[in-house]
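Summary of structural features
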Amino acid sequence: MRIPDVMRLSLRQRLFRFAAKARAVLYLDHWFPHIPMALAVGLLGALAILNALPDLLRVFPQLSELAPSSSLTQAPLLSALGTVPEAVLGIVLLLMAFGLLFRSRFSWAITLILAGAMLAMLLHHYGLEWSGFTIFNAVILISLLLFRRHFAHSSVAAGTLFAVISILLLMSYAVLGSYVLGAGFSPPITNLVSALYFAVVTMSTVGYGDIVPKSVDARFFVISIIILGITVFATSISAVIVPLLNGRMQRLLMGGEKRHYRNHYLIIGDNMLAQNTYRALRARHLRTLVLVPAPPENEWMAKEDLMVGDATDLEVLRRAGAECALGILALRVIDSENAFIILAAKELNAPGKTVAAVQDAKNLERLRQIGADLIISPDVLGGELLAMTLSGEEMQGDTIINKLFTAKTEGAEA
């Protein structure tokens, strides 16, 4: 049976439909791109650690010779720590990979910054010689930018991970710095236990005054601890609390998470025709959204495929993705409502095909006049097929299709 010419999709729409169908068949929404990106970022972090490991191994023997001093220029170990930033970036990238698994926007932003910093370090170290490691880093950076829309969740897990990492890094910085500059304090900090005590007291802003910085370097170091401590703790708390509050407020005010619909079929109606159409489209792995004026008593569609709202309201149609839909199907039982829906879709200049269901044969011509691409009248078709059967007429596929979508009964013509 030949498809009516008016319902033929453009090449661009067919490609979008194929992509949407492939996405459903392969269950891409469940694993792409967050899982491949998380694995790639984790691999990048591991490579960064392995790349810095040989230099770090040469540093470790010098730790036994580390002694407190009053100035940074007197600490010989610091000159050998040039690869530490690369190793730290690798560790943080490994941890951020877990946040990407939750599609966390925060983890995406941190990973983007760290990947850019890593690429800058590699280019500075190796010049413009693009090694495999550098190319892999650049590919990840570009991929993060391309798939930015897929990482939009406010993840509590990612926020908690960030808080833990930030506090641990700050604590390590404070303890190591306090010990390295131990001779610049009064009394001097001569062991790691005293350095840990001073770091905690300083970052908590308690400041008992039993250990006081005396040298210039020690004082600047304490200033950095205080500023970083306040910043890190405030940011860490907000990274955990804000996603919780945002999620609760969004569910309270908007009733759920905001979703984006593209390259789908928008079914408007809650009747047997709408139900059977929805099931047939889903069986073909085509993305479908059902728009009804009130929540149905029995949800015959998947929860994520349901939207409640007035289909004649332009703003509701926009939220339902009418401007990006492959087809808008007005399948309500009242012909006038279907007519208003088609008019609203035309006002939006929706590129998708518009389909209207008609119950009364007298309204067929009126639906054509408002510009519906396709008019389906199951009741009229039933009467036509019954009459053809009783009169002994031959029924062909093209004849049935034409009568299903475009037929006018004698009563309608009159």
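Residues numbered from 1 in each chain as written. Predicted model: local features only at pLDDT ≥ 70, side-chain atom pairs only at ≥ 80, totals over all residues. Heavy atoms only, no water.

Mapped onto the present numbering, the UniProt feature "transmembrane region" (unreviewed entry) falls on residues 78–99, 106–124, 130–147, 159–182, 188–208 and 220–245. Helix makes up 100% of residues 106–124 and strand 0%, and the two end C-alpha atoms of the span are 27 Å apart. The span residues 130–147 is 83% helical and 0% strand by assignment, and the distance between its end C-alpha atoms comes to 24 Å. (UniProt positions renumbered as here; feature names shortened; annotations may be inferred. Helix = DSSP H or I, 4+ residues; strand = E, 2+ residues; numbered from the N terminus.)

Turning next to the environment of leucine 50. Mapped onto the fold, leucine 50 is located in helix 3 (residues 34–59). For leucine 50, a relative accessible area of 55% translates into the label exposed. Along the backbone, leucine 50 and alanine 87 are 37 residues apart, and their C-alpha atoms lie at a distance of 8.1 Å. (Buried < 20%, exposed > 50% of the residue type's maximum accessible area, 1.4 Å probe, protein only.)

Together, Tyr27, Trp31, Ile35, Leu39, Phe98, Leu101 and Phe102 make up an exposed nonpolar region whose accessible area comes to about 740 Å². Those elements giving two or more residues to the nonpolar patch turn out to be helix 3 and helix 4 (84–101). Note that tyrosine 27 resides in the loop between helix 1 (11–25) and helix 2 (28–31). (Patch = residues over 30% accessible without salt bridge, like charges linked within 9 Å, V, L, I, M, F, W, Y side chains within 5 Å. Areas by Shrake-Rupley, 256 points an atom, 1.4 Å probe, with all protein chains shown as cover. Salt bridge = Lys/Arg side-chain N within 4 Å of Asp/Glu carboxyl O.)

On to helix 8 (residues 192–203). Compared with the 16 Å implied by 1.5 Å per residue over 12 residues, the 16 Å span of helix 8 between its first and last C-alpha is a close match. The complete set of buried residues in helix 8 reads Ala195, Phe198, Ala199, Val201, Thr202 and Met203. Threonine 205 sits one or two residues past helix 8 and shows a positive phi near 60 degrees. (Expected span 1.5 Å × (residues − 1).)

A few words on the sheet that holds strand 6 (residues 327–330). Across the sheet, which stays open at both edges, the six strands sit in the order 5-4-3-6-7-8 with parallel pairing between neighbours. If you trace the sheet from one side to the other, it starts and ends with strand 5 (306–308) and strand 8 (374–376), each paired once. Going from strand to strand, the sheet's axes swing by 20 degrees on average, the running direction of each strand aside. Pairing between strand 7 (residues 353–357) and strand 8: three bridges, direction parallel. In the sheet register, valine 355 faces strand 8, and the bridge partner there is leucine 374. Against the sheet, helix 10 (residues 272–283) engages strand 3 (265–268), strand 4 (288–292), strand 6 and strand 7, with an angle of about 160 degrees to strand 3. (Pairing = 2+ DSSP bridges. Axes fitted to C-alpha atoms, helices over the stretch in contact; angles between N-to-C directions. Contact = heavy atoms within 4.5 Å.)

By the element assignment, serine 215 lies in the loop between strand 2 (212–213) and helix 9 (216–253). When its relative accessible area of 17% is taken as the criterion, serine 215 is described as buried. In this structure, the C-alpha to C-alpha distance between serine 215 and glycine 184, residues 31 residues apart in sequence, is 4.8 Å. From its side chain, serine 215 meets the backbone nitrogen of alanine 218 in a polar contact 3.2 Å long. (Polar contact = N/O pair within 3.5 Å; in protein donor to acceptor, adjacent residues only side chain to side chain.)

Applying the stated criterion across every chain yields a total of five aromatic pairs. With a centroid separation of 5.8 Å and an interplanar angle of 75 degrees, the aromatic rings of tryptophan 31 and phenylalanine 32 are classed as edge-to-face. For phenylalanine 32, a relative accessible area of 25% translates into the label partly exposed. Between the aromatic rings of phenylalanine 185 and phenylalanine 198, the centroid separation amounts to 4.9 Å while the plane-to-plane angle is 65 degrees, which identifies the pairing as edge-to-face. Separated by 13 residues along the polypeptide, phenylalanine 185 in strand 1 (residues 185–186) and phenylalanine 198 in helix 8 bring together distant segments of the chain. As far as burial versus exposure is concerned, phenylalanine 185 and phenylalanine 198 are alike and both buried. By way of ring pairs, the aromatic residues Trp31, Phe32 and Phe147 are connected into one cluster. Taking the ring centre of tryptophan 108 as reference, the NZ or CZ of arginine 105 above it sits at 4.3 Å. (Phe/Tyr/Trp six-rings, centres within 6.5 Å; stacked < 30°, edge-to-face > 60°. Lys NZ or Arg CZ within 6 Å of the ring centre and 35° of its normal.)

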